[in-house]
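Take a look at the letters that make up each chain.
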Amino acid sequence: MVEIVHYYRKTEPPQSLLSSIKEELKILSLEDECAKIKSVETESCFNVQLDSDLSTVQTERLEWLLAETFERDALRREQSFFGPDGNSLTCEFGPRMTFTSAFSSNAASICAACELPISRLELSRRYRFNLDGDLTVAAVK
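The structure displayed is predicted, hence computed values, not measured ones.

Enquirer: Any chance you could break down the pattern of salt bridges for me, citing the residues and the numbers?
Expert: Using the criterion set out here, one finds six salt bridges in the structure. A salt bridge links Lys 36 to Glu 33, with the nearest nitrogen and oxygen atoms 3.2 Å apart. The buried category is assigned to Glu 33, whose relative accessible area is 6%. A salt bridge links Glu 122 to Arg 120; the shortest N-O distance between them is 3.2 Å. Owing to a relative accessible area of 2%, Glu 122 belongs among the buried residues under this scheme.

Here it is, written out as structure tokens:
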């Protein structure tokens, strides 16, 4: 049985992220779009390919590996940290499922050493832009 489960870890966006996005929009002559972006939230998504079901001990071991050392509550299985979807735009960036990244190769080796039946573990980054109005297609691209 091959199953893919998703773990979400809340992360703090870099302080310069919002200002960098707005600066890029200005460079592209999309100044009107800048005012529509109120804030940006970020989280990491771990896409875990299981070769078999995990025992309780194995699940705890995997969650220990994926969680931040001092922020164990910042990790959830199958539930994003992004709250109710008001007027926002969510984007996710990560490797395609047809491509195995170096991160995945290393993570799978670590999981094997921890006796976890995981053949692939990919990391993607998710961004949610909280908006004061809809962005144009040019701004989203």
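Enquirer: Now, about the pairing of strand E2 (residues 37-50): what can you tell me, with residues and values included?
Expert: Of all the 14 residues making up E2, 11 are buried; the element is thus mostly covered by neighbouring parts of the structure. Sheet topology note: the strand E1 (residues 3-11)/E2 ladder contains nine bridges and is antiparallel. Bridge assignment links Thr 11 to a residue of E2, and that residue is Thr 42. Relative to strand E5 (residues 118-131), E2 runs antiparallel, the two being bridged by 13 bridges.

Enquirer: Go over the nonpolar core with me, naming the residues and quoting the values.
Expert: Tyr 7, Phe 46, Val 48, Leu 62, Leu 66, Ile 118 and Leu 121 are the most contacted members of the largest nonpolar core, which has 16 residues in total. Listing elements by their share of this core, those giving two or more residues are E1, E2, helix H3 (56-66), helix H4 (102-113) and E5. Excluding its chain neighbours within four sequence positions, the residues that come into contact with Leu 121 are Phe 46, Asn 47, Val 48, Leu 62, Leu 66, Phe 103, Ser 104, Ala 107 and Cys 111. In this structure, Leu 25, Leu 30, Ile 37 and Ala 139 belong to the second largest nonpolar core, which totals 11 residues.

The rules behind the values
Residues numbered from 1 in each chain as written. Predicted model: local features only at pLDDT ≥ 70, side-chain atom pairs only at ≥ 80, totals over all residues. Heavy atoms only, no water. Salt bridge = Lys/Arg side-chain N within 4 Å of Asp/Glu carboxyl O. Buried < 20%, exposed > 50% of the residue type's maximum accessible area, 1.4 Å probe, protein only. Helix = DSSP H or I, 4+ residues; strand = E, 2+ residues; numbered from the N terminus. Pairing = 2+ DSSP bridges. Core = buried A, V, L, I, M, F, W, Y, C linked by side-chain atoms within 4.5 Å. Contact = heavy atoms within 4.5 Å.

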